[in-house]
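# A look at the structure
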Amino acid sequence: MTQGQASGRGEVSIRDLSKSFSLNGRALNVLRGLDLHVESGQCLAIVGASGSGKTTLLRILAGLEAADSGDVLVDGAPIHGVGSERAVIFQEPRLLPWLTVIRNVAFPLEVRGVSATEAADRARHYLRLVGLLDFSEAYPAQLSGGMAQRVGIARALAVQPELLLLDEPLGALDAMTKMTMQEELTRIWSEEHVTMVLVTHDLEEAVYLADRVLVLPKHKGGVIRTIDVDLPRPRDRSEPRFVALRQSLLAEFGLH
Amino acid sequence: MSIIESEQSGAFRRSKSDTPFSAGLAEKAVAGLARLGSRYGVLIAFLVFWQVASEAGWLNPAVFPPLDKIISALWNGIAGGFLLDDVAISLQRAGIAFSAAVIIGIPLGLFMGQVKAVEHSLDPILQLFRQTSALALYPVFILLLGLGEASKVFVIFWATLFPTLLATIGGVKQADPKLIEMARVYGASRLTIFRRVVLPGAVPSIFVGLRLSATTALLLLIAAEMIGANSGVGFQVMNAQYNFQIPLMFAAILLLAILGLGANYALERLQGRLCRWNQLSR
């Protein structure tokens, strides 16, 4: 069993990316001429108001949607649809209700033809990592929201992706669980050396987790800004520099 | 966490309650009786009322014979064997029709639920067929298939097919697109998505259809046997009434109720085994 990935993987390059949807016959530009680079092993957070295209960007990276124009490269190769080097953690756990927790984590491995015993071994490893090994034989309906989301995280990690895409993964959790899970994510990220792209509407979460925060403007044609978060981990939410960074992010949205 | 806590508090309760063993047993018995009473009390009262009312003459005993007469007629019929023959032939008719409906309905439903174009163009004619009473079509089936077993089985099959078929289509169509997308992200093929996401998700809905079909099968069985048969439980109900063997008539009716309950119970058990997960979320 190989845990984690060698460094130098999961690098993302996006050049001149555009995407529009047609809404009631009108073309709606969601992303226009976006350039982005995420270094291997980095955690990038994407924040923006609703409708700013942050989720669309993540879905394009996941291969669930195709861009209209521009290049999307992962490790130098253009992506075609979904790929085994990428995994997604959704806002909802999206567990299969008829499978036990361990079978849910093993599901993507079984889909990819990993033998049942190896899939179960790997599933156990990642369930231990998220602290749910004791719940292997439980069904999703027996779990709390936070536990179910941790199973979803274990499932994404079990495929040992180079690029982990997180679509508001903690958005549906209560404040306490959310903070615990943010700490968990930091720990997992540092243990697994995986590149992460995180879409969130929670600015504090962005500052807590990310190396860099990409701010998508509300109005199209506005300036896309990135803010570096140069703070040591584990981060202290009450530290002056943390607070200052959060304030400057709030200011990006005209909030104080 | 909550599981552990509740277990601990449970153990705490147990250690505190050191009432004598016999008192505990009596308490349990009373609780059990109360539970039984709340569930079956009304049924038992109904049966007692029937018996008493019939014997006391509040009800005409020629129309509503006392229960003991009905039970003894049932026993004589079973011991004499003729009611068993009727049950056997009825079960055969309903069984063949129900099996055919399941064998055709589930695969066809799975296919129609998956392929939108097929469902789209077949739905209107299915709705028309479904809304046409099978019994109204029975004369047509008799013309086509004769008065023998084939027309009886076919009319039951016809009515039984639709609940299973439509429930299967519904179950497939309401598959959660978010789960399908999750499977797609992990590289599942269309077939794998169908086999591992769509199909298991449709099972509870399919069972709703199966139970409805089983009820329909028994309903149509009786109707078909009353109209054109010289054997079967439905025939026996009619025949006993013609001959004014009212206890036997009720015995046959009782037998039908038992068949219906039995079929439903069997399907419920099977559903419980196959969809344990679905009961957890209730």
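Keep in mind that this is a model prediction, so the values were computed, not measured. (Residues numbered from 1 in each chain as written. Chains lettered and ligands numbered in written order. Predicted model: local features only at pLDDT ≥ 70, side-chain atom pairs only at ≥ 80, totals over all residues. Heavy atoms only, no water.)

## A look at the nonpolar core
Residues Ile 14, Leu 57, Leu 164, Val 197, Val 213 and Leu 249 of chain A are the most contacted members of the largest nonpolar core, which totals 111 residues. Ranked by the residues each element gives to this core, the list is headed by helix H9 (residues 190-228) of chain B, at nine residues. Not counting chain neighbours up to four residues away, the residues in contact with Leu 164 of chain A comprise Ala 87, Ile 89, Ala 156, Leu 157, Val 194, Thr 195, Met 196 and Val 197 of chain A. (Core = buried A, V, L, I, M, F, W, Y, C linked by side-chain atoms within 4.5 Å. Buried < 20%, exposed > 50% of the residue type's maximum accessible area, 1.4 Å probe, protein only. Helix = DSSP H or I, 4+ residues; strand = E, 2+ residues; numbered from the N terminus. Contact = heavy atoms within 4.5 Å.)

## Structural notes on the domain arrangement of chain A
Residue and element names in this part refer to chain A. When cut into domains, chain A gives domain 1 (1-85 + 163-256) and domain 2 (95-160). For domain 1 versus domain 2, the distance between C-alpha centres works out to 25 Å. Taken together, the contacts link 18 residues of domain 1 with 15 residues of domain 2. At the boundary of domain 1 with domain 2, total buried surface from both sides reaches about 1400 Å², with 63% on carbon and sulfur atoms. Put simply, domain 1 and domain 2 have one salt bridge between them. With a closest N to O distance of 3.9 Å, Glu 184 and Arg 150 form a salt bridge. At the boundary of domain 1 with domain 2, the tally comes to four residue pairs in polar contact (both at pLDDT 80 or more). (Domains from an automatic or database assignment. Buried area = accessible area lost by both parts, 1.4 Å probe. Salt bridge = Lys/Arg side-chain N within 4 Å of Asp/Glu carboxyl O. Polar contact = N/O pair within 3.5 Å; in protein donor to acceptor, adjacent residues only side chain to side chain.)

## Remarks on the packing of helix H6 (residues 134-145) of chain B against H9 of chain B
Residues and elements named next belong to chain B. The N-to-C vectors of H6 and H9 enclose an angle of 45 degrees; their axes lie 11 Å apart at closest approach. The angle between H6 and H9 places the two elements in the oblique class. For the pair H6 and H9, the sense of crossing is right-handed. Residues Ala 134, Leu 135 and Tyr 138 of H6 form the contact with H9, whose participating residues are Leu 220, Ala 223, Ala 224, Ile 227 and Gly 228. Tallied by class, the residues present in the contact of H6 with H9 amount to seven nonpolar, one polar and no charged. (Axes fitted to C-alpha atoms, helices over the stretch in contact; angles between N-to-C directions. Parallel < 35°, antiparallel > 145°, perpendicular 65-115°, else oblique. Left-handed = near helix turned anticlockwise from the far one by under 90°. Nonpolar A, V, L, I, M, F, W, Y, C, P; charged D, E, K, R; others polar.)

## Quick word on unusual backbone geometry
Residues and elements named next belong to chain A. Pro 234 follows Arg 233 through a cis peptide bond whose omega is -5 degrees. By the element assignment, Pro 234 lies in the loop between strand E10 (225-228) and helix H7 (240-252). Notably, Asn 24 is not glycine yet its phi reads approximately 50 degrees, a positive angle. Positionally, Asn 24 belongs in the loop between strand E1 (12-23) and strand E2 (26-38). A residue is classified by how much of its surface remains accessible, and Asn 24, at 78% relative accessible area, is exposed.

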